[in-house]
Amino acid sequence: MKEVAIVGAGLSGLAAAWKLSKSGARVVLYEKSRGVSGRAATRRREEYLYDHGANFFRTEDPEVAKLVHDTLSSTDLLEIPGEVWTFDRGGVVGPGDVVQNAVPKYSYRDGIKTLGKLLLLEAGATLRAGICISGLRHGDAGWDLLGAGGETLGSHDEVILSPPAPQAAEILMCSEMDSPLRMGIVEGLRSITYRPQFSFILGFKERIERPGAVHALVNSDGDHSVSWISFEEDKPGHVLAGESVLVAQMSPAWTRSHFEEPPEALLPEIMRQVRTLLPGVETQPDWWDSQRWRYAHPEAAMDPGVARLGESSGLHLCGDALAGRGRVTLAIKTGLECARRVITRGKDGEDGAAVSGCGQTDPA
């Protein structure tokens, strides 16, 4: 029975945990935050629920569809009505992609975060939340996971890194393992850059008028300060009757310019930009919230050959860096594919010696 550690309890790591557990492996998830699901995040504020990262997911992939609709509980699964329309740099709104709009959109009555909770429940894996992994140590017996003080938090046969590429690279840089292998993977991880995203949630005690039968508006040319606006009241159980909650996600360029600024100082500008798309927003929000996402969307996919460099030693990668796009379904797919490789990996791979750690100089 393999003992597998997964660093990160986002959807890719959770999907890997589910598939590995079903194969008979013992799986432990290490997550630095107190919850699961990563950017598939839901927040509660009094009577309101809102998905403030990924807004919904689709199940056009057959493997993901079977997992979501047949394996996991679908009791609270919601199909979201309305289409996704587009707008350009001038705020001109038009119909969206006909093909994409024909594909159902989903969340849950208790928010999109439920997807991660269901994966964890079905996997039966152990979750160690609030645990920050600072590095790894590779030896003949497998992999040790190291805490902030260098203490061993757990020993496992194989380890999967699922955090965003920059965070995974940081962990490897502070790891004791074969140095050329480590630097080869780190170089690949560091080649992936991410688009940040500043999200604002705007609550109104009245219904906001829309330009048509839409659930969301998405910027089509990348030249507007807003990249996305959606209506949480389309999800039953999220918003009180007769009210609106808008999720406004700002563009990468705008976010980079304002990432470190206090959100309360940015609110007037947010409202000005929202009104260029929704003129019916005549008042200030009755309440609001915000979230900064430093690693919202990868800008390219990691070379799959580089991603598999460590597999003969039992080191694996999954997550959106391998997909090249920040999509729920794609993240899940990378986790399932990673788990398949762990399950089928032979026991006779060459292991590198533990020769270098954090702060040591690597050979040229």
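Shown above is the structure to which this text applies.
Residues numbered from 1 in each chain as written. Predicted model: local features only at pLDDT ≥ 70, side-chain atom pairs only at ≥ 80, totals over all residues. Heavy atoms only, no water.

Visitor: Help me understand the packing of helix 1 (residues 11-22) against helix 11 (residues 328-344), please; the structure alone is not making it clear to me.
Guide: Between two packed helices, both the angle of their axes relative to each other and the distance between the axes serve to describe the pair. Put simply, helix 1 and helix 11 touch, their axes get as near as 7 Å, and they point 40° apart. Relative to helix 11, helix 1 is oriented oblique. Considering only the axes of helix 1 and helix 11, their crossing is right-handed. Taking contact as the criterion, the partners of L11, S12, A15, A16, W18, K19 and L20 in helix 1 are, on helix 11, V328, A331, I332, T334, G335, L336, A339, R340, V342 and I343. Of the residues in the contact of helix 1 with helix 11, the class split is 12 nonpolar, three polar and two charged. (Axes fitted to C-alpha atoms, helices over the stretch in contact; angles between N-to-C directions. Helix = DSSP H or I, 4+ residues; strand = E, 2+ residues; numbered from the N terminus. Parallel < 35°, antiparallel > 145°, perpendicular 65-115°, else oblique. Left-handed = near helix turned anticlockwise from the far one by under 90°. Contact = heavy atoms within 4.5 Å. Nonpolar A, V, L, I, M, F, W, Y, C, P; charged D, E, K, R; others polar.)

Visitor: What's the story with the sheet that holds strand 11 (residues 142-146) in this structure? I'm lost.
Guide: One key point about sheets: their strands pair by backbone hydrogen bonds, in either a parallel or an antiparallel sense. With respect to topology, three strands assemble into an open sheet ordered 10-11-12, the strand pairing being antiparallel. In this open sheet, the two edge strands, each paired with only one partner strand, are strand 10 (135-139) and strand 12 (152-156). When the angles between neighbouring strand axes are averaged without regard to direction, this sheet yields 20°. Pairing of strand 11 with strand 12, which is carried by four bridges, proceeds in the antiparallel orientation. Note that in strand 12 the partner of D144 across the bridge is S155. (Pairing = 2+ DSSP bridges.)

Visitor: Can you walk me through the side chain of T114 in this structure?
Guide: Positionally, T114 belongs in helix 4 (residues 114-123). Among the polar contacts listed, one links the side chain of T114 to the backbone oxygen of G111, at a separation of 2.9 Å. (Polar contact = N/O pair within 3.5 Å; in protein donor to acceptor, adjacent residues only side chain to side chain.)

Visitor: Is there a simple way to think about the nonpolar core in this case?
Guide: Within the largest apolar cluster, 39 residues are counted, with the highest numbers of intra-cluster contacts made by I6, L20, F57, L115, I160 and I332. Residue assignment for this core shows that the elements contributing at least two residues are strand 1 (3-7), helix 1, strand 2 (26-31), helix 2 (62-71), strand 8 (106-108), helix 4 and helix 11. Tallying contributions element by element places helix 1 first for this core, with seven residues. Excluding its chain neighbours within four sequence positions, the residues that come into contact with F57 are V68, L77, P104, K105, Y106, S107, Y108, I112, L115 and V328. Residues V7, W143, V159 and V186 belong to the second largest nonpolar core, which totals 29 residues. (Core = buried A, V, L, I, M, F, W, Y, C linked by side-chain atoms within 4.5 Å. Buried < 20%, exposed > 50% of the residue type's maximum accessible area, 1.4 Å probe, protein only.)

Visitor: I'm lost on the environment of F231 in this one. Help?
Guide: Structurally, F231 is set in strand 16 (residues 226-231). Each C-alpha atom, one on F231 and one on F200, is 12 Å from the other, the two residues being 31 residues apart in sequence. Setting aside its immediate chain neighbours within four residues, F231 contacts I208, R210, H215, V245, L246 and L278.

Visitor: Hey, could you run me through unusual backbone geometry in this one?
Guide: Glycine aside, residues mostly have negative phi, and peptide bonds are mostly found in the trans state. Positive phi, close to 95°, is recorded for S37, a residue that is not glycine. By secondary structure assignment, the location of S37 is in the loop between strand 2 and strand 3 (42-45). Overall, the relative accessible area of 2% leaves S37 in the buried class. Unlike most non-glycine residues, E46 shows phi in positive territory, near 50°. By secondary structure assignment, the location of E46 is in the loop between strand 3 and strand 4 (48-51).

Visitor: I would appreciate a short explanation of helix 6 (residues 179-190) in the present structure.
Guide: Since there are 3.6 residues in each turn of an α-helix, residues three or four apart along the chain are aligned in direction. With 12 residues, helix 6 extends 16 Å between its outermost C-alpha atoms, agreeing within 8% with the 16 Å of an ideal straight helix rising 1.5 Å per residue. For helix 6, every residue scored as buried is listed here: S179, L181, R182, I185, V186, G188 and L189. Check the buried side of helix 6 and you find it contacts helix 5 (165-173), helix 9 (304-307) and strand 19 (315-317). The opening residue of helix 6, the one whose side-chain oxygen lies 2.9 Å from the backbone nitrogen of L181, is D178. (Expected span 1.5 Å × (residues − 1).)

Visitor: Is there a simple way to think about the packing of helix 5 against helix 6 in this case?
Guide: In contact at an axis separation of 8 Å, helix 5 and helix 6 are set at 160° when each is read in the N-to-C sense. In terms of orientation, helix 5 and helix 6 fall into the roughly antiparallel class. Remark: the crossing between helix 5 and helix 6 carries left-handed chirality. Residues A165, A168, A169, L172 and M173 of helix 5 form the contact with helix 6, whose participating residues are R182, M183, I185, V186, L189 and R190. Per-class residue counts for the contact of helix 5 with helix 6 are nine nonpolar, no polar and two charged.

Visitor: In this structure, what is going on with helix 5? I would like to understand it.
Guide: Restricting attention to buried positions, one finds in helix 5 the residues A165, A168, A169, I171 and L172. The buried side chains of helix 5 occupy one side of the element, clustering within an arc of 160° when seen end-on. (Arc of directions from axis to C-beta.)

Visitor: Which parts of the structure should I look at to understand the packing of aromatic side chains?
Guide: Between two aromatic rings, the relevant description is the distance of the centres plus the angle of the planes. For the structure shown, the criterion picks out 10 aromatic pairs. Seen in terms of ring centroids, Y48 and W287 are 5.0 Å apart; in terms of plane orientation they differ by 40°. Their pairing is tilted. Residue Y48 is found in strand 4, and its partner W287 is found in strand 18 (residues 287-298); the two are separated by 239 residues along the sequence. Both residues of the pair, Y48 and W287, count as buried. Where F198 meets W254, the ring centres are 6.3 Å apart and the plane angle is 65°; that geometry is what we call edge-to-face. Of the two residues, F198 sits in strand 14 (residues 194-204) while W254 sits in helix 7 (residues 252-258), which places them 56 residues apart along the sequence. By relative accessible area, F198 is classed as buried at 0%. Under the relative-accessibility criterion, W254 is labelled buried at 7%. Among the aromatic residues, ring-to-ring pairing joins F198, F200, W254, F259 and W288 into one connected group. Above the plane of the ring of F231 lies R210, whose end atom (NZ or CZ) is 4.0 Å from the centre. (Phe/Tyr/Trp six-rings, centres within 6.5 Å; stacked < 30°, edge-to-face > 60°. Lys NZ or Arg CZ within 6 Å of the ring centre and 35° of its normal.)

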